[in-house]
Amino acid sequence: ACARPVEALGSPAQSNQGGKVAAMRIDAHVHGDISKLQGSPAEYAARCRERGIERVVLISGFEQNMAAYRALPDFIIPVPWVDIDQVSAKQINEYLDAGALGIKFIDPQFSYGDTRYDPLYAAVAARGKVAMFHTGYLARGVFEAGRPTDITLMRPAAVDCLSRRHPELKILMAHFGNPWWEEAWKIMWSNPTVYAELSGGTAYRRSLKMWSETFAPNGVLDEESVARLLFATDVSIFREQEGFEPYFEFYDKLFEAIAAPPEVRERVNRANAIKLFGLE
C-alpha cells in the first residue's frame, strides 16, 4: 500500500528525488481520466510520491472524479467541474455528499460576480468546501460548442465582487487571472479568504523579475500575498509523462528570488492545500 499519513504542518515533508532530498508538494490543479491508466493505481500514486507529489486536486467531470477518488482516496482530492449556467444548488450538494471537497466553476455566460450565481456559491460556502474559479484566459475550443467564450467574465475582479457577498466562501483562483496578473494579486492580497495558484502554460514562462516584483517589490518580501499561493501545474495525470518538473523548477526559483523562508515555502507547497480542503 502506498498510503501514508500527512505530516504535521510544522514539519516540512520531503521526498527523495534521485538521491536528493526535495520538498513534498500537493498539486492543486491537475486533470485526468483514471480509466486511461496503464497499471496499478496504487503504484502510480507511489511513483508520484517518489517524485515529490504527495496528493493532487483532480479537476474533471463528476463521474471521472469519483472513479479516481474511489481508487485512490488518499491521493486524489476530488473537485468536479460544473456548467455554472446549468448546475443547481441541489446538484452541488449531491456532489459534496458524494465526497467532493470543492467545485470548479469555469466559462460562465455572465460574470462570476452576477447575483444569479449566488445560490451556487452559498451551497458551497454552507458546506465549508472550496469554490475554485478559472480566472483569465481560456484556451480556444475548450467549451465553445454553442457559444464563444468571453474571458472578461472570468476576471479576478469578478471574484472580488462575489467574495464581498459571500465572505465565508473559501475561494481558489486558478491561473492567477492570466493576463490580469496585477488584478489577481490585488484581490488575493486584499481578501483573506481568497487563495490563488500559478498553474498553466503561461505563468511559469513569464519573467522571474515580474514575479519577484509582484511578491517581493523592491526586494522586500510581501509575505501576506505569497503565503496564500498554492503549488499547482494544470498537467494531465494517469500517464507516463505528466510534466510536473518545469513547475518544480519555477516555484523553487521563485522562492529563491524572493527569499521566501521555509515556513512560507511549506504553506505554498502543501500546507495551504491541507488547510483549504480540510485534510488535517
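What you see is a predicted model, and the numbers here were worked out from it, not measured in a lab.

Re the overall build of the chain
(1) Moving on: Regarding its fold elements, the chain presents 10 helices and 11 strands.
(2) Moving on: In terms of C-alpha radius of gyration, the chain reaches 18 Å, essentially the compact-globule figure of 19 Å for 280 residues.
(3) Moving on: Taken along its principal axes, the extent of the C-alpha atoms in the chain is 55 × 50 × 35 Å.
(4) Moving on: Burial analysis of the chain (280 residues in total) assigns 53% to the buried set.
(5) Moving on: Pairs at least 24 apart in sequence give 71% of the contacts found in the chain among residues at least 6 apart.
(6) Moving on: Approximately 12,100 Å² of the chain is accessible, and the part contributed by carbon and sulfur atoms is 53%.
(7) Moving on: Here the chain contributes 31 positively and 36 negatively charged side chains, and the mean placements of these two sets differ by 1 Å.

Some points on the pairing of strand 6 (residues 102-106)
(1) Moving on: Summarising burial for strand 6: 5 of the 5 residues are buried, a large majority.
(2) Moving on: Going residue by residue along strand 6, you find G102, K104 and I106 tucked away on one face and I103 and F105 tucked away on the opposite face as well.
(3) Moving on: Taken together, the 3 bridges between strand 5 (residues 76-83) and strand 6 define a ladder with parallel strand orientation. In the strand pairing of strand 6, D83 is matched with I106.
(4) Moving on: In the classification by handedness, the crossover that spans strand 5, the intervening helix 3 (residues 89-97) and the parallel strand 6 is right-handed.
(5) Moving on: By the bridge criterion, 4 bridges tie strand 6 to strand 7 (residues 130-134) in an arrangement that is parallel. Paired with G102 across the two strands is V130, which belongs to strand 7.
(6) Moving on: Handedness of the crossover joining strand 6 and strand 7 through helix 4 (residues 118-126) is recorded here as right-handed.

A short note on the pattern of salt bridges
(1) Moving on: Considering all chains together, one arrives at 16 salt bridges under this definition.
(2) Moving on: Here R51 ties to E242 by a salt bridge, and the two come within 2.6 Å at their closest N and O atoms. Of the two residues, R51 is situated in helix 1 (residues 41-51) and E242 in the loop between strand 11 (235-236) and helix 9 (245-258); the sequence distance between them amounts to 191 residues.
(3) Moving on: Overall, the relative accessible area of 23% leaves R51 in the partly exposed class.
(4) Moving on: The partner of R165 in a salt bridge is D118, and the shortest N-O contact between them spans 2.8 Å. With a gap of 47 residues between them, R165 in helix 5 (residues 156-165) and D118 in helix 4 connect regions that are remote in the sequence.
(5) Moving on: Residue class for R165 comes out partly exposed when judged on its relative accessible area of 30%.
(6) Moving on: Given the relative accessible area of 17%, D118 is considered buried.

What counts and how
Residues numbered from 1 in each chain as written. Predicted model: local features only at pLDDT ≥ 70, side-chain atom pairs only at ≥ 80, totals over all residues. Heavy atoms only, no water. Helix = DSSP H or I, 4+ residues; strand = E, 2+ residues; numbered from the N terminus. Rg over C-alpha atoms; globule rule 2.2 N^0.38 Å. Buried < 20%, exposed > 50% of the residue type's maximum accessible area, 1.4 Å probe, protein only. Contact = heavy atoms within 4.5 Å. Areas by Shrake-Rupley, 256 points an atom, 1.4 Å probe, with all protein chains shown as cover. Lys, Arg positive; Asp, Glu negative; His and termini not counted. Charge placed at Lys NZ, Arg CZ, Asp CG, Glu CD. Pairing = 2+ DSSP bridges. Right-handed = clockwise from strand over helix to strand, strands pointing away. Salt bridge = Lys/Arg side-chain N within 4 Å of Asp/Glu carboxyl O.

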